[in-house]
Amino acid sequence: MAGIEMKNIVKQYGDGFPAVNDVSIDVEDGEFLILVGPSGCGKSTLLRMIVGLEDITDGDMIIGGKKVNDLAPRDRNLSMVFQNYALYPHLTVYENIAFPLRLAGKSDSEIDEKVREASKTLELDEHLDRKPGNLSGGQRQRVAMGRAIVRDAEAFLFDEPLSNLDAKLRGQMRTEISRLQKRLGITTVYVTHDQTEAMTLGDRVAVLKRGVLQQHATPRELYENP
Ligand code: ADP
Ligand code: ADP
């Protein structure tokens, strides 16, 4: 696990207004940070720069004390959970969770141990032989998280993971993600445009507007000082 330090991060696409403008945020080891703001404020761009899917125009990205500006995504050891889950439809739940371990060339016994442990944590043990198409949205979400967990990543990154779900399921998943994050104690950055998620999920909230950091505080501080 590792903290994430963003130091004066700038992202400039073309010659317009910067999508991310001099943003500095420290996410402590084990902390759950919510990045919130209206559509187009630069949340996804910032998240993509943490993961390494987007080049940084200026500033430093430091993960676990190490500058990662020039590191490829696979060398950053982070786990991103996407909105559309990116599950393999033709593979079982077991094989979807096992996928990153197979890619990494782990042994069958190590894979089995990790997949079973993750599926127990996520209460997926009874669904291991099913395919994603036969699962509910919440179950698919958990499979995507399972795949993130087994990699022993330094941090979890979520990009609006619940926005495709109905309100009831979204509430359940919020509780589940929050519980799981606490249990794993893993550094997490979670992007959302949903105020409820921002105020209920994380330890701290960073509010972005037009690429600029407006506030960075606990939900309680934001509630008392909006
Ligand atoms: P959010 O995730 O908050 O909706 P984004 O990070 O996707 O915001 O976008 C921030 C700004 O950067 C927007 O003005 C968007 O149009 C612009 N932008 C995002 N991606 C690109 C890109 N690949 N090329 C040019 N502009 C982009
Ligand atoms: P198919 O060839 O049957 O379409 P793929 O293996 O190409 O199957 O992709 C199936 C799904 O998995 C797609 O939704 C895709 O976005 C997702 N996917 C592809 N590559 C990866 C990857 N490296 N990690 C996670 N998901 C992926």
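This is a predicted model, so every value here is computed, not measured. (Residues numbered from 1 in each chain as written. Chains lettered and ligands numbered in written order. Predicted model: local features only at pLDDT ≥ 70, side-chain atom pairs only at ≥ 80, totals over all residues. Heavy atoms only, no water.)

Draft legend 1. Geometry of the sheet that holds strand β2 (residues 20-27). Here four strands make up an open sheet; going across it, the order is β2-β1-β4-β5 and the pairing antiparallel. For this open sheet the edge positions go to β2 and β5 (66-67), each flanked by a neighbour on one side alone. Direction of pairing for strand β1 (residues 4-11) relative to β2: antiparallel, over a ladder of five bridges. In the sheet register, Lys 11 faces β2, and the bridge partner there is Val 20. Those strands touched by helix α1 (residues 43-51) are β1, β2 and β4 (58-63), and its axis lies near 120° from that of β1. (Pairing = 2+ DSSP bridges. Helix = DSSP H or I, 4+ residues; strand = E, 2+ residues; numbered from the N terminus. Contact = heavy atoms within 4.5 Å. Axes fitted to C-alpha atoms, helices over the stretch in contact; angles between N-to-C directions.)

Draft legend 2. Region of interest: the site of ligand 1. Every residue lining ligand 1 is accounted for by Tyr 13, Ala 19, Pro 38, Ser 39, Gly 40, Cys 41, Gly 42, Lys 43, Ser 44 and Thr 45. The contact in question runs from a nitrogen atom of ligand 1 to an N or O atom on the side chain of Tyr 13, over 3.3 Å. Separating an oxygen atom of ligand 1 from a side-chain N or O atom of Lys 43 is a distance of 2.9 Å. A total of 560 Å² of accessible area belongs to ligand 1 in isolation, and the protein chains cover 53% of it. Here the residues of the shell around ligand 1 sort into four nonpolar, five polar and one charged. (Near = heavy atom within 4 Å. Polar contact = N/O pair within 3.5 Å; in protein donor to acceptor, adjacent residues only side chain to side chain. Areas by Shrake-Rupley, 256 points an atom, 1.4 Å probe, with all protein chains shown as cover. Nonpolar A, V, L, I, M, F, W, Y, C, P; charged D, E, K, R; others polar.)

Draft legend 3. Region of interest: empty space enclosed by the protein. For the coordinates displayed, the defined rule picks out two cavities of 30 Å³ or more. Roughly 50 Å³ of internal volume is contained in the largest cavity. Looking at the largest cavity, the residues that line it are Thr 121, Leu 122, Glu 123, Arg 142, Glu 176, Arg 179, Leu 180 and Arg 183. Looking at the lining of the largest cavity element by element, the count peaks at four residues for helix α5 (residues 167-184). In terms of residue class, the lining of the largest cavity is built from two nonpolar, one polar and five charged. Taken as a whole, the second largest cavity spans an internal volume of roughly 30 Å³. Looking at the second largest cavity, the residues that line it are Met 145, Phe 156, Phe 158, Ile 177, Leu 180, Gln 181, Leu 184 and Thr 188. When contributions to the lining of the second largest cavity are tallied by element, the ones reaching two or more residues are β7 (155-159) and α5. For the lining of the second largest cavity, the leading source of residues is α5, giving four residues. (1 Å grid on protein atoms, 1.4 Å probe; cavity = no way out; pocket = protein on both sides within 12 Å on 5 of 7 lines; lining within 4 Å. Points joined across faces, edges and corners; volume = space filled by probe spheres on them.)

Draft legend 4. Layout of the sheet that holds strand β6 (residues 78-81). With mixed pairing, six strands are arranged side by side in an open sheet as β6-β7-β8-β3-β9-β10. Of all strands in the sheet, those bounded by a partner on one side alone are β6 and β10 (212-217). In this sheet, adjacent strand axes meet at a mean angle of 15° when their direction is disregarded. Bridge count for strand β9 (residues 204-209) against β10 is five bridges, and the pairing is antiparallel. Counted as the bridge partner of Lys 209 is Val 212 from β10. Sheet strands touched by α1: β3 (32-36), β6, β7, β8 (187-192) and β9. Its angle to β7, the strand with the most contacts, is close to 150°. Sheet contacts for helix α4 (residues 137-149): β6 and β7; angle to β6, the most-contacted strand, approximately 170°.

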